[in-house]
Amino acid sequence: MARQMTGAEIVLKALADQGVEYIFGYPGGAVLPIYDEIFQQEKIKHILVRQEGGALHAAEGYARSTGKVGVALVTSGPGATNAVTGLTDALLDSIPVVCLTGQVPTHLIGNDAFQECDTVGITRPCTKHNWLVKNVNDLARTLHEAFQIARSGRPGPVVVDIPKDVQFGTGNYVGPSNIVHKTYKPKVKPDQGPVRQAVELIASAKKPIFYTGGGVINSGPKASQLLRELVRLTGYPITSTLMGLGAYPGSDKQWLGMLGMHGTYEANMAMHDCDVMVAVGARFDDRITGRLDAFSPGSKKIHIDIDPSSINKNVQVDIPVVGDVAYVLEDMLRTWKSLAPQVDKAALKSWWKEIDGWRAKRSLAYKASKDVIMPQYACQRLYELTKDRDTYITTEVGQHQMWAAQFYHFDEPNRWMTSGGLGTMGYGLPAAIGAQLAHPKSLVIDIAGDASILMNIQECSTAVQFNLPVKVFILNNEYMGMVRQWQQLLHGNRLSHSYTESLPDFVKLAEAYGWKGMRCDHPSDLDDAIREMIAFKGPVLFDCRVAKLANCFPMIPSGKAHNEMLLGEEVSDEEVGRAIGKEGKVLV
Amino acid sequence: MTTPNAQTHYSGPAVRQDAVSRTLSVLVDNEPGVLARVIGLFTARGYNIDSLTVTETEHEKHLSRITIVTRGTPSVIQQIKHQLERMVPVHRVHDLTVEGKAVERELALVKVAGKGDKRIEALRLAEIFRAQVIDTSIEHFVFEITGKPSKIETFINIMTELGLVEVSRSGIAAIGRGPQGM
Ligand SMILES: Cc1ncc(C[n+]2csc(CCOP(=O)(O)OP(=O)(O)O)c2C)c(N)n1
């Protein structure tokens, strides 16, 4: 039933009907009518960030930790352009986000009006879809479509650009039911032919591996459950990308750890030597495959993905299965149970023996120290002291992110939020704010680097205003560690601008924002300090002084294959300097 | 023509595949920005466009048909198809070259200026190509020619010698043979 409302009312009504609890936003001239509407209602809570970039990452953190759509609201011009990084981040990691942008009134569009920018033009390549709504009667429908497109199929960010006159204008409201999109109908249920072929191939494997990714998380908790069931039923080893951590328990014995550039030796070697690879919701990204022509040369590959364009993009596969991971796994399990295949137990046993040999290399080992806190040790202690709690972890980008992925183990999906595809420094603090809002009683920790944390440090204010007790655990090495590591590897250790001079005093900075500031620089004090951080009721900025020059290992140098890994304990600094050849140097 | 496998930024002994030419017919909702979206996809992902035409074909249903002639290795062509298919306003994508025996036509307007024998020869050849004169003075003709792109190409090449001034081409319109639609 159509009801007359103003455009701004339509926005709030549509959000409410979509079940939105929080909007992360920042006001400005072109969104004032919507802000006025926000002021006059109580259903939806507006979280005022301190920069629009923060709003987008907070929406991502909220979305990733709940499986719901995150919502951001920004003004025209600079508000919209500040949102671009977060939109791109959400696109690359397939995070459902709806971003509403204000726009100058329709009659001024194209006039270089004050705070005008071509928002739909700028955001076209960094959204799943976007709309400029020129007629208030199209607004409700467009908003409902926006939510539908953001969350269905392969999720992603969308932008709805709303000119100010449309917000003031009066038009019809329609509810979300019965809105069926004309063209957009992603295929979620798989064809049974490939499902059966996949099951048969899996059953016949002698050296199998499951390689899983963020798609399992995006598919929802059921997908993780089904994955666990299938993996346990087969007894096969499993690894995952950075984005997929938590879909399978990190403490399980079939778990090989993360794979890829900084993945474990056993995971990468098993990928290289396997005879059947089952890719589930993962996209064969270059951080995973290393050198493509040497990627798992002897294996038959099954690829389960909801996005047909991900299949055969980087790696040719033998059995593509297009569909939502949960549906596909459900069908595979059913087929598996009805065929009741006999796996080759003897082959599997010797495969596990081989894997145990690789495990024995202890590729994550590092030189322990009694005098300085090793960053790996800090992550380990943080894990040990928080693992029995209800914890959510976010990260910034750099070495600390990789150490967090290596040493913090996740037993549940949606507990780990990191910027994988885009690698956006400044993601972690706002993402933690989004996650904390969704889970007010939980412990939310941003594992950060000293450089990254400064990129969105202003969001400390947001945490205070909304009583969000997030913890920021800075592995402070005074360097942009990951940049320094690459300079050591590639550029003769000439550390061009990777030392973060003039760092702030993080304790004072924390206090200036109204946070608790802490510092720890000795391994023997670390446990107590972490306990103190956890016990504190409000937000804490923890300046953990770690070894300055530690490198993140193991590592597949750029341009090398999975079986050409560098292991931390075995290589000298000179070898590190020589590890990447001429061809690898041009790569990122 | 062979191009190295462009799907990876990891160099290495490239997997070489021959590039092929394909005509894709894309049925889209005629919403604002849809052409920019399609073109943006091609530039962002480094695909080729040899020819592109677009117009609304069914007004009531707001449908447009975009005909794209592109070139790439078979795996790139498959990617292009999938990438187009996942765009929200895209209804369907058909590879007319692979689905067989599509009809392809193009229209060109060709301006030729000259006097004397060259002028007479231009007119004689135009007749052979079934090109029509749609504008003329005592020193020029504008010919309208329709046909397969290869025919138009040949006609333009010949006219180059006979005083070709300029050419405007419509790009390719293509449609599958037989009673079914796409
Ligand atoms: C917005 C942005 N700018 C630049 C980079 C490139 N970059 C990747 S890691 C890194 C250094 C991060 O340093 P820090 O946060 O101190 O973490 P560490 O590597 O020392 O753990 C930089 C500059 C990036 N990923 N994101």
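Residues numbered from 1 in each chain as written. Chains lettered and ligands numbered in written order. Predicted model: local features only at pLDDT ≥ 70, side-chain atom pairs only at ≥ 80, totals over all residues. Heavy atoms only, no water.

Caption draft 1: How the structure looks around the overall build of chain B. Along its length, chain B carries five helices and 10 strands. Referenced to the eigenvectors of the C-alpha coordinate spread, the extents of chain B come out at roughly 60 × 50 × 30 Å. Put simply, of all contacts in chain B between residues at least 6 apart along the chain, 69% involve residues at least 24 apart. In the form shown here, chain B has an accessible surface area of approximately 9900 Å², with 53% of it arising from carbon and sulfur atoms. Counting 22 positive and 21 negative side-chain charges, chain B places the centres of these two groups 5 Å from one another. (Helix = DSSP H or I, 4+ residues; strand = E, 2+ residues; numbered from the N terminus. Contact = heavy atoms within 4.5 Å. Areas by Shrake-Rupley, 256 points an atom, 1.4 Å probe, with all protein chains shown as cover. Lys, Arg positive; Asp, Glu negative; His and termini not counted. Charge placed at Lys NZ, Arg CZ, Asp CG, Glu CD.)

Caption draft 2: Broad picture of the domain arrangement of chain B. All names here are of chain B. One can read the domain layout of chain B as domain 1 (20-95) and domain 2 (102-174). Put simply, the middle of domain 1 and the middle of domain 2, counted by C-alpha atoms, are 29 Å apart. Domain 1 puts six residues into the contact, and the matching count from domain 2 is six residues. Surface buried jointly by domain 1 and domain 2 totals about 420 Å² across both partners, of which 50% is contributed by carbon and sulfur atoms. Sorting the residues of domain 1 by area buried against domain 2 places Thr23, Thr53 and Thr67 first, and these three jointly supply 63% of that buried surface. Seen at the junction of domain 1 and domain 2, the total is zero salt bridges. Connecting domain 1 to domain 2 are three residue pairs in polar contact (both at pLDDT 80 or more). Of all elements in the fold, only β4 (51-58) and β5 (63-72) reach the threshold of two or more residues within the side of domain 1 that touches domain 2. (Domains from an automatic or database assignment. Buried area = accessible area lost by both parts, 1.4 Å probe. Salt bridge = Lys/Arg side-chain N within 4 Å of Asp/Glu carboxyl O. Polar contact = N/O pair within 3.5 Å; in protein donor to acceptor, adjacent residues only side chain to side chain.)

Caption draft 3: Molecular detail of a positive patch on the surface. On the surface, a cluster of positive charge is made up of Lys101, Arg105, Lys148 and Arg177 of chain B. Taking relative accessible area as the criterion, arginine 105 of chain B reaches 40% and is therefore assigned partly exposed. (Patch = residues over 30% accessible without salt bridge, like charges linked within 9 Å, V, L, I, M, F, W, Y side chains within 5 Å. Buried < 20%, exposed > 50% of the residue type's maximum accessible area, 1.4 Å probe, protein only.)

Caption draft 4: Local environment of the pairing of strand β13 (residues 300-305) of chain A. Residue and element names in this part refer to chain A. Taken across its six residues, β13 has five buried, putting it largely inside the fold. Sheet analysis places strand β12 (residues 276-280) next to β13, joined by five bridges and oriented parallel. What sits directly across from valine 276, in β13, is lysine 300. Sheet analysis places β13 next to strand β14 (residues 319-322), joined by four bridges and oriented parallel. Looking at β14, one finds that isoleucine 304 is bridged to valine 321. (Pairing = 2+ DSSP bridges.)

Caption draft 5: Seen up close, the nonpolar core. Residue and element names in this part refer to chain A. Of all hydrophobic cores here, the largest spans 115 residues; its most connected members are Ile302, Met332, Phe473 and Phe542. Here this core takes seven residues from helix α13 (residues 325-339), the largest share from any one element. Each of domain 2 (192-359) and domain 3 (375-545) gives at least three residues to this core. Ignoring anything within four residues of it in the chain, the contact list for methionine 332 reads Val195, Ala198, Val199, Ile202, Leu230 and Ile304. Leu437, Ala448, Ile457 and Ala463 belong to the second-largest nonpolar core, a separate cluster that totals 43 residues. (Core = buried A, V, L, I, M, F, W, Y, C linked by side-chain atoms within 4.5 Å.)

Caption draft 6: Broad picture of the sheet that holds strand β6 (residues 90-95) of chain B. Residue and element names in this part refer to chain B. Strand order in this open sheet of four strands is β4-β5-β3-β6, and the pairing throughout is antiparallel. Lying at the two open borders of the sheet, with one neighbouring strand each, are β4 and β6. Averaged over all neighbouring strand pairs, the angle between strand axes comes to 20°, with direction disregarded. Sheet topology note: the β4/β5 ladder contains seven bridges and is antiparallel. Looking across to β5, one finds that glutamate 56 is bridged to serine 64. (Axes fitted to C-alpha atoms, helices over the stretch in contact; angles between N-to-C directions.)

Caption draft 7: Broad picture of a nonpolar patch on the surface. Residues and elements named next belong to chain B. A contiguous nonpolar patch, built from Leu107, Leu109 and Ile134 and spanning about 210 Å² of accessible area, is present on the exposed surface. Turning to its location among the elements, leucine 107 is positioned in strand β7 (residues 103-113). In this structure leucine 107 comes out as partly exposed when scored by relative accessible area, which is 31%.

Caption draft 8: Main features of the interface of chain A and chain B. Contact residues are listed per partner, giving 30 residues for chain A and 22 residues for chain B. Both sides together, the interface formed by chain A and chain B hides about 2200 Å², and carbon and sulfur atoms give 51% of it. Taken together, chain A and chain B are joined by two salt bridges. Note that aspartate 307 of chain A is salt-bridged to arginine 86 of chain B, the shortest N-O span being 2.5 Å. At the surface where chain A touches chain B, the tally comes to six residue pairs in polar contact (both at pLDDT 80 or more). At the level of elements, β6 (129-132) and α12 (286-289) of chain A are the ones that each hand at least two residues to the side of chain A that touches chain B.

Caption draft 9: How the structure looks around unusual backbone geometry. Residue and element names in this part refer to chain A. In the segment running from phenylalanine 553 into proline 554, the intervening peptide bond is cis, with an omega of -5°. Examined against the element boundaries, proline 554 turns out to sit in the loop between β20 (540-545) and α22 (573-578). Of note in the backbone geometry, phenylalanine 284 takes a positive phi value of approximately 55° without being a glycine. Along the chain, the position of phenylalanine 284 falls in the loop between β12 and α12. For phenylalanine 284, a relative accessible area of 2% gives the class buried. Even without being a glycine, asparagine 467 presents a positive backbone phi close to 55°. Among the residues examined, asparagine 467 registers a relative accessible area of 66% and is labelled exposed.

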